[in-house]
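# Coordinate inspection notes
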Amino acid sequence: QNYLDNFWPDLKAAHELFDSILQARRERESESQENKGKEYPEHLPVEVLEAGIKSGRYIKGTLNVNKHRAQLEAFVRLEGFGSKETG
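You'll find the protein chain entered in an unreviewed UniProt entry as DI3L1 exonuclease, with Galbula dea given as the organism.

Assigned secondary structure in the protein chain consists of 3 helices and 2 strands. Shown N-terminal to C-terminal, the secondary structure of the protein chain runs as helices and strands in the order α-α-α-β-β. Residue burial in the protein chain is summarised as follows: out of 87 residues, 5% are buried. Sequence-distant contacts in the protein chain: of pairs separated by 6 or more residues, those separated by 24 or more amount to 0%. A total accessible area of about 8300 Å² is found for the protein chain, and carbon and sulfur atoms account for 53% of it.

This part is about the confidence of the model for the protein chain. For any part of a model where pLDDT is low, the fine detail of the predicted coordinates should not be relied upon. For the protein chain, mean pLDDT is 85; residues scoring 70 or higher make up 83% of the total. When mean pLDDT is taken per element in the protein chain, helix α1 (residues 2-7) scores highest with 94 and helix α2 (residues 12-34) scores lowest with 88.

Counted according to the given criterion, the structure contains 3 salt bridges. The shortest N-O distance in the salt bridge between K12 and E16 comes to 3.9 Å. Here E16 and K12 lie together in helix α2, a separation of 4 residues that amounts to about one turn.

Turning our attention to the side chain of H15. Assignment of secondary structure puts H15 in helix α2. What makes H15 buried here is its relative accessible area of 17%. What H15 contacts, discounting residues up to four positions off in sequence, is Q1, L4, D5, W8 and P9.

Glancing now at the packing of aromatic side chains. Under the counting rule described, the total for this entry stands at 1 aromatic pair. For the ring pair Y3 and F7, a centre distance of 5.2 Å and an interplane angle of 40° mean the geometry is tilted. Note that Y3 and F7 are positioned in helix α1 at a spacing of 4 residues, about one turn of the helix.

Taken together, Y3, F7, W8 and L11 make up a surface patch of nonpolar side chains, about 470 Å² in accessible area. Take L11: it is sitting in the loop between α1 and α2. For L11, a relative accessible area of 40% corresponds to the partly exposed category.

Conventions and cut-offs
- Residues numbered from 1 in each chain as written.
- Predicted model: local features only at pLDDT ≥ 70, side-chain atom pairs only at ≥ 80, totals over all residues.
- Heavy atoms only, no water.
- Helix = DSSP H or I, 4+ residues; strand = E, 2+ residues; numbered from the N terminus.
- Buried < 20%, exposed > 50% of the residue type's maximum accessible area, 1.4 Å probe, protein only.
- Contact = heavy atoms within 4.5 Å.
- Areas by Shrake-Rupley, 256 points an atom, 1.4 Å probe, with all protein chains shown as cover.
- pLDDT = per-residue confidence, 0-100.
- Salt bridge = Lys/Arg side-chain N within 4 Å of Asp/Glu carboxyl O.
- Phe/Tyr/Trp six-rings, centres within 6.5 Å; stacked < 30°, edge-to-face > 60°.
- Patch = residues over 30% accessible without salt bridge, like charges linked within 9 Å, V, L, I, M, F, W, Y side chains within 5 Å.

Laid out in C-alpha cells, this is it:
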C-alpha cells in the first residue's frame, strides 16, 4: 500500500488490484476462522461420522493416490484390515 501511494499515486488499476487482493485475503482469513483453521469445510459433523463408523454404515480408511497418475490410480486402505486387503 505504501509503495503504491508513494510511487504510483495516479495508477488507479494498481490500487484497485491491491484493494481486491486485500479484500480476498480478509475473506479467506475470516473463512479460516469460521472453519477453525481447517482448509476445507466438513461434509458431515464428526459426531455423525463416528456414529456411522460404529454402526457400520461408514468405513474408515486412508486414501492413497498415485502421485504420478493421480487422476487414474488411487485406492483406499481400510483401517483394521491387513495390508493386502483394500477396497
